[in-house]
Amino acid sequence: MSQTRRLIELPGVAELETRALMKPGYADPTRRDEFPEVDACLSDVFGLTGDQAEAAVRPDDWDGIEHLSPLEQVDAFAAEGWDVRDAKGRPLRMLAQMAEPLALAMRGVAGRLPDAPFVPEPAEERDAWGSGLAAEAARFRKR
């Protein structure tokens, strides 16, 4: 089992995702100055603001992951152990703001990754109908 980390589970990201649903400007990197809470979250989570991430010097072999389409970014980040999708499997609205700092931090170029411990996914729960039917069948046979 691989240890895929979910971007939406990092502190403050789900809240920004909800805000971006209500005000799409949150997700627009060109409007970053209008929403200081985006840079505050980026700084708290990755140790970089959006402007610092843009200004960071890239190595010669940098692949430009931040310039890919959102669907291509989903695949590129998944290959490196990061799930950048929402609960419905769509790229996060805030991915345009978070892709660059995440890529820089996960590759050790600038910033840092959060020190969140890996929490395995919960075990599958048994179907309540199936177990209830089995108990009912056992009671029926006893009659």
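Residues numbered from 1 in each chain as written. Predicted model: local features only at pLDDT ≥ 70, side-chain atom pairs only at ≥ 80, totals over all residues. Heavy atoms only, no water.

Some remarks on the overall build of the chain
For the chain, the helix and strand inventory stands at six helices and two strands. Going from N to C terminus, the chain has its helices and strands arranged as β-α-α-α-α-β-α-α. Within the chain, the proportion of its 143 residues that are buried is 34%. Restricting the contact set of the chain to residue pairs at least 6 apart, pairs at least 24 apart contribute 64%. Surface exposure of the chain reaches about 9300 Å², of which carbon and sulfur atoms provide 54%. (Helix = DSSP H or I, 4+ residues; strand = E, 2+ residues; numbered from the N terminus. Buried < 20%, exposed > 50% of the residue type's maximum accessible area, 1.4 Å probe, protein only. Contact = heavy atoms within 4.5 Å. Areas by Shrake-Rupley, 256 points an atom, 1.4 Å probe, with all protein chains shown as cover.)

Looking at the confidence of the model for the chain
With 86% of its residues at a pLDDT of at least 70, the chain reaches an overall mean of 86. Ignoring residues within four places in sequence, the model shows residues 117-121, a span with pLDDT below 50, making three contacts including any to other chains. (pLDDT = per-residue confidence, 0-100.)

Looking at the packing of aromatic side chains
Going through the model one piece at a time under the given rule, you end up with one aromatic pair. In this structure, Arg107 packs its charged tip against the face of Trp62, placed 5.0 Å from the ring centre. (Phe/Tyr/Trp six-rings, centres within 6.5 Å; stacked < 30°, edge-to-face > 60°. Lys NZ or Arg CZ within 6 Å of the ring centre and 35° of its normal.)

With respect to the packing of helix H4 (residues 70-79) against helix H5 (residues 95-106)
In the contact formed by H4 and H5, the axes pass within 12 Å of each other and the chain directions differ by 30 degrees. Judged by the inter-axis angle, H4 sits roughly parallel to H5. By crossing handedness, the relation of H4 to H5 is classed as left-handed. Residues Pro70, Gln73 and Phe77 of H4 form the contact with H5, whose participating residues are Leu95, Ala99, Leu102, Ala103 and Met106. Along the lines of polarity and charge, the residues of the contact of H4 with H5 split into seven nonpolar, one polar and no charged. (Axes fitted to C-alpha atoms, helices over the stretch in contact; angles between N-to-C directions. Parallel < 35°, antiparallel > 145°, perpendicular 65-115°, else oblique. Left-handed = near helix turned anticlockwise from the far one by under 90°. Nonpolar A, V, L, I, M, F, W, Y, C, P; charged D, E, K, R; others polar.)

Things to note about the side chain of Gln97
Turning to its location among the elements, Gln97 is positioned in helix H5. Within the local environment of Gln97, its side chain forms a polar contact with the backbone oxygen of Tyr26, the two atoms lying 3.0 Å apart. A polar side-chain atom of Gln97 sits 3.4 Å from the main-chain carbonyl oxygen of Asp28. (Polar contact = N/O pair within 3.5 Å; in protein donor to acceptor, adjacent residues only side chain to side chain.)

Some thoughts on the environment of His67
Relative to the elements of secondary structure, His67 occurs in the loop between helix H3 (50-55) and H4. When its relative accessible area of 67% is taken as the criterion, His67 is described as exposed. A C-alpha to C-alpha distance of 9.0 Å links His67 and Ala99, two positions 32 residues apart in sequence.

Structural notes on the nonpolar core
Within the largest apolar cluster, 34 residues are counted, with the highest numbers of intra-cluster contacts made by Leu7, Phe46, Phe77, Met94, Met98 and Leu102. Where this core is concerned, the elements lending two or more residues are helix H1 (13-22), helix H2 (36-46), H4 and H5. Here the element with the most residues in this core is H5; it accounts for eight residues. Contact partners of Phe46, with chain neighbours within four places excluded, come to Leu7, Leu10, Pro101, Leu102, Ala105, Gly111, Arg112, Leu113 and Pro114. (Core = buried A, V, L, I, M, F, W, Y, C linked by side-chain atoms within 4.5 Å.)

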